[in-house]
Each structure stands twice: as C-alpha cells, then as structure tokens.
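# Summary of the model geometry
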Amino acid sequence: LNMAVDGVIIVNDRKLIELANPSAVKMFGYASNLEMQGQNINILISGELATKHDDYMEAAIRKGQLNFFANGAIREVKAKCKDGSLIPVMICVSMMKINGKTSFLGFLRDISKVKQNEDKLRQEKEKSEKLLLSMLPRVIAQQLKEDGIEATHNLVAEGYREVTVLFADIVQFTKLSAATAPQELVSTLNTLFSAWDMLTIKHGVEKIKTIGDCYMVASGLPERCVDHAERMMEFAVAMLDELKRFNAQYNRNIDLRIGINTGPVVAGVLGVRKVAYDIWGDAVNVASRMESTGLPGRIQVSHSTFELLKTNYLFEDRGRIEVKGKGTMLAYVFVDKKLTKTLSGKTVKRVSLFSAAITSGTPSASPSVEPLDIEHTGSSIASSATATPPGETVQAMSIRDLPRMSDDDDLLLDMITEEGSNSSRQK
C-alpha cells in the first residue's frame, strides 16, 4: 500500500482511520500517517455530508454491504484537506474483515489537474465555437462540427427559391481612405461594421461578408422565413439610423448607399481552408446593381422587393434605370413606413392614404370612402392603395362618435380629413 500511486485509507467500524498511505497523506496535506491515524474519517468529508456519511457507514455495517459503492462502483466526490480546502477525488470503497472486524478500504485519486484541464478544454472549445459562429451561420457551423470540414461539399448545393439580399457601400470611400490614416480608417470601419453586426442579430438577418467597405447581408437563409423582405428593410433603416448616430458621435460625414433585391439563390460553403458561407445567383448581382445605381443616404430596391414591401412601406418610383449587364430595370427608393391603426373596430391600413368624412354634428348618411393615392410635390410616390370593395362603406362620424382615444391616437386624428374639406390628398 505504501508503494501505491493512488491514496489508500483504511477505516475501522468505529469510523476511525487506521492507515493512510504516503500518497493519501500528501493528497490531503498532512505531515504523516500518524497525524491522520485515529482521526474520524469525517475530517476528510465536508459540511453536512459528514452527518450523512455517519449514517451511511452505520447502515453498511448493519447490512454488510455498500450500496453507494456496489459492484465496484467508482464515484467522484469532494474531499476536505487539512487546510479546509476541497479537492475533487475519484474514490472506490470496499468492505473487508480484519481480525474479524469490519473495515473499509478506500482507494482515492486526486483529479484536480484533470478537472483543471477539462475546464481549460471546455473554455477553449467555447472560444472555438464562438469563432466558428462568427464566421458561419449556426446551422452550418453545427453541421460542420458533426460531419467535419471535409463534409463541406455536402453543404454547397442548397437552393433557396426566394431570398432578399442587401449590399451597402460607403459613398466616396476611395476619397475617404486617401484622407485618413490607415489605422484610423480600419478603426472607423470596425466600429461601424461591429454595430451593424449587432443589428443583424436583432433583425434576424444573416451577414454574408464584407468586401472592403462593402457590407453584404441576406435574409431568408439558411433558415427560411416568409418575412425575409420586411426583416431586410427594417435592418436597412436601422443601418442608416446607426450611421447617423455614428456621424454625430465621432463628428464624421460618412454617407451610405444601400441596394436590395429579392430572388432565388444557391448557398453553401466552398473548400476546406479558410471556409466561408456564401451565396450565388442573379439575385445577388441585381442587389449589387441596386446599390451601385442608388442614391447616397437612400435605400433602393428592385421591383421584386417592392412587390413584397409595397403594402407596408412607401416608395418613390424612379422609373426605369440603366443597370450594367441587365439593360433597364424598375427601381424604387424607400420613403417611409405606412401607418396601421384601428378605428371604430375597423383596421385602417395605410392611414396616410385614407380619406374619411368627418362632420361636426350628428353622423350623416354613410358615404362610400375610398383609399387615395398620395400626391407629393416634386416626386412621384408609388402606392399600393386599392379601391373599397363594391358595397362596402365606411361610416362617417363626428369627433364625439370616435372611441375613447389613447395618447397614441392623437396622431391618427391629425391624419383624418378635416370637417367638410377635401384636403386629404394634400395631407
């Protein structure tokens, strides 16, 4: 026993230590076997477990068997050292007879270093997984973890019928880079791109990559969703808001062009070194062209994206524009969101397009009221307003007839046509 690498302790039926080999003495910080000999085994057991341990040993002596260590079971427990510190140990205990009396023989191994290595390994694993997730979408990263990097060829050929793609590019970046020190330029881009990265998480879109000062995002992959266009538009608006905040905070005058398009793409991972998730297809090219032909500080979308967004957003129709490699294409510039409110039990969509009759007294007859296109001085606003279905009318009412208004409804009142006027088109 004195030659054993593992700690060995023998305890008698009075729960007193009869022998501790040199490895056990060193493990628990004692000077010698004599210092431990005759001590209650509870000197090695922490807190409330000491009382439970007494009951356990008494039950084992009565029954003649060890339930906790039945069939040679090895357990991991916390043991107490001389200085009161706790160490993790692996322990195996058996019962035996010595001079006709019941004794307990325990083999113990200090696994502190093993635990430390496991903790370090877990921390490094978390770091590597975090790094992987910073480069690849979660579902792709998980598949690579399970199948290995060599399985990337299985990830390439996934097609998506409808995805919305965004390109954002800093206006006159070449001029900016020439007038800015390299470290300051990289710091500027890092601050902006990091803020936009956080916005991708908030709005549920997928950052694909950055190419110099160009920022590329896709929505609707790798996990498909039906509101990919709406998510992307909200993200694009948030990008511009973040840029305004950045310019104000750092006294900058950086501007941004944003282009968005919707269409089919193929997505996946190529190669086995420096792997990256990417997307391909004509929809990507058109999104890039929407950006390059766009206006500084504005969000330009293609006709396919406009069709998905026109119900809830207002756009300025730019007509047909020349697009490299595509001829002419319809393009639209984002103006604002449309407002949706509930009035007298009816949901009035696109309130800014709505013409309602308000009287100052008792409600008159119920005229048919139709949504109207907005007229905007100096530009043409593309609207999706539709005519009221035949036979459906909207009840004319006085202010007194309106339901109880919340603070938010003050805006709604401002947008309703004034009494007897025909100014709703101007409003």
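Up top is the structure these notes are about.
Reference entry: report on the structure contained in this document. All residue numbers refer to positions counted from 1 along the written sequence of the respective chain. Side-chain atom pairs in this predicted model are given and counted only at pLDDT of 80 or more, local residue features only at pLDDT of at least 70, and totals for whole chains, interfaces and linings cover all residues. The basis for every side-chain value is the complete set of heavy atoms in the structure, and neither hydrogens nor water enter the calculation.

### Quick word on the overall build of the protein
- Numbering goes from the N terminus for both helices and strands, where a helix is a DSSP run of H or I of at least four residues and a strand is a run of E of at least two. Looking only at helices and strands, the protein features 11 helices and 16 strands.
- Burial status follows relative accessibility: with a 1.4 Å probe on protein chains alone, a residue under 20% of its type maximum counts as buried, one over 50% as exposed, and anything between as partly exposed. Evaluated residue by residue, the protein yields a buried proportion of 41% over its 427 residues.
- Whether two residues are in contact is decided by their heavy atoms, any of which lying within 4.5 Å being enough. Taking the contacts inside the protein whose residues are at least 6 apart along the sequence as the reference set, 60% of them involve residues at least 24 apart.
- Of the accessible surface of the protein, which amounts to about 24300 Å², a share of 51% is contributed by carbon and sulfur atoms. In these tables, accessible area is a Shrake-Rupley quantity obtained with a 1.4 Å probe, and a residue counts as shielded only by the protein chains included in the view.

### Observations concerning helix α8 (residues 228-250)
- Multiply 1.5 Å by the residue count of a helix minus one, and that product is the helix's expected span. Counted at 1.5 Å a residue, the expected span for α8 with its 23 residues is 33 Å, and the 32 Å between its end C-alpha atoms agrees.
- At the exit of α8 stands N251, carrying a positive phi of roughly 55 degrees.

### Digging into the packing of helix α7 (residues 182-203) against α8
- Interhelical geometry of α7 versus α8 gives an angle of 145 degrees and a closest axis separation of 10 Å. For the pair α7 and α8, the crossing hand works out as right-handed. Contact with α7, carried on its side by T188, T191, L192, A195, W196, L199, T200 and H203, involves R231, E234, F235, A238, M239, E242, L243, F246 and Y250 of α8 and no other residues of that element.
- Of the residues assigned to the contact of α7 with α8, the class counts are 10 nonpolar, 4 polar and 3 charged. What counts as an axis is a line fitted to C-alpha atoms, over the stretch in contact for a helix, and the angles between N-to-C directions run from 0 to 180 degrees. Crossing handedness follows the turn of the near helix against the far one: under a right angle anticlockwise gives a left-handed crossing, and clockwise gives a right-handed one. Gly is put with the polar residues, along with every residue not named as nonpolar or charged; the nonpolar set is Ala, Val, Leu, Ile, Met, Phe, Trp, Tyr, Cys and Pro, and the charged set is Asp, Glu, Lys and Arg.

### Topic: the pairing of strand β7 (residues 206-211)
- When DSSP finds at least two bridges between two strands, those strands are taken to pair. Here β7 runs beside strand β8 (residues 214-219); their pairing, made up of 5 bridges, is antiparallel. Considered in β8, the bridge of K209 is made with M216.
- Counting the residues between successive antiparallel strands, the hairpin from β7 to β8 contains 2 residues, one of them, G212, with a positive phi of roughly 65 degrees.

### A few points about the side chain of T188
- Among the structural elements, T188 can be located in helix α7.
- Apart from the residues lying within four places of it in its own chain, the contact partners of T188 are F246, R252 and I254.

### Here's the deal with the sheet that holds strand β2 (residues 17-20)
- Spatial strand order, β2-β1-β5-β4-β3: 5 strands in an open sheet with antiparallel pairing. Taken across any chain shown, the strands that pair with only one partner, and hence form the sheet edges, are β2 and β3 (75-80). Taken over all neighbouring pairs, the strand axes of this sheet differ in orientation by 35 degrees on average, direction set aside.
- Two strands pair when backbone bridges link them, and β3 and strand β4 (residues 86-98) are joined in this way by 6 bridges, in the antiparallel orientation. In the strand pairing of β4, K78 is matched with P88.
- The strands that helix α3 (residues 49-63) touches are β1 (7-12), β4 and β5 (101-110); relative to β5, the one it contacts most, it runs at about 130 degrees.

### Structural notes on the pattern of salt bridges
- By convention in these notes, a salt bridge is any Lys or Arg side-chain nitrogen within 4 Å of a carboxyl oxygen on Asp or Glu. The full count for this structure, using the stated rule, is 18 salt bridges.
- Residue K15 pairs with E58 through a salt bridge whose shortest N-O separation is 2.7 Å. One end of the pair, K15, is in the loop between β1 and β2; the other, E58, is in helix α3, with 43 residues separating them in the sequence.
- Given the relative accessible area of 36%, E58 is considered partly exposed.
- Between E234 and K337 there is a salt bridge whose closest N-O contact spans 3.0 Å. Taken together, the residues span a long stretch of sequence, with E234 in helix α8 and K337 in strand β13 (residues 327-337) at a distance of 103 residues.
- By relative accessible area, E234 is classed as partly exposed at 22%.
- Among the residues examined, K337 registers a relative accessible area of 42% and is labelled partly exposed.

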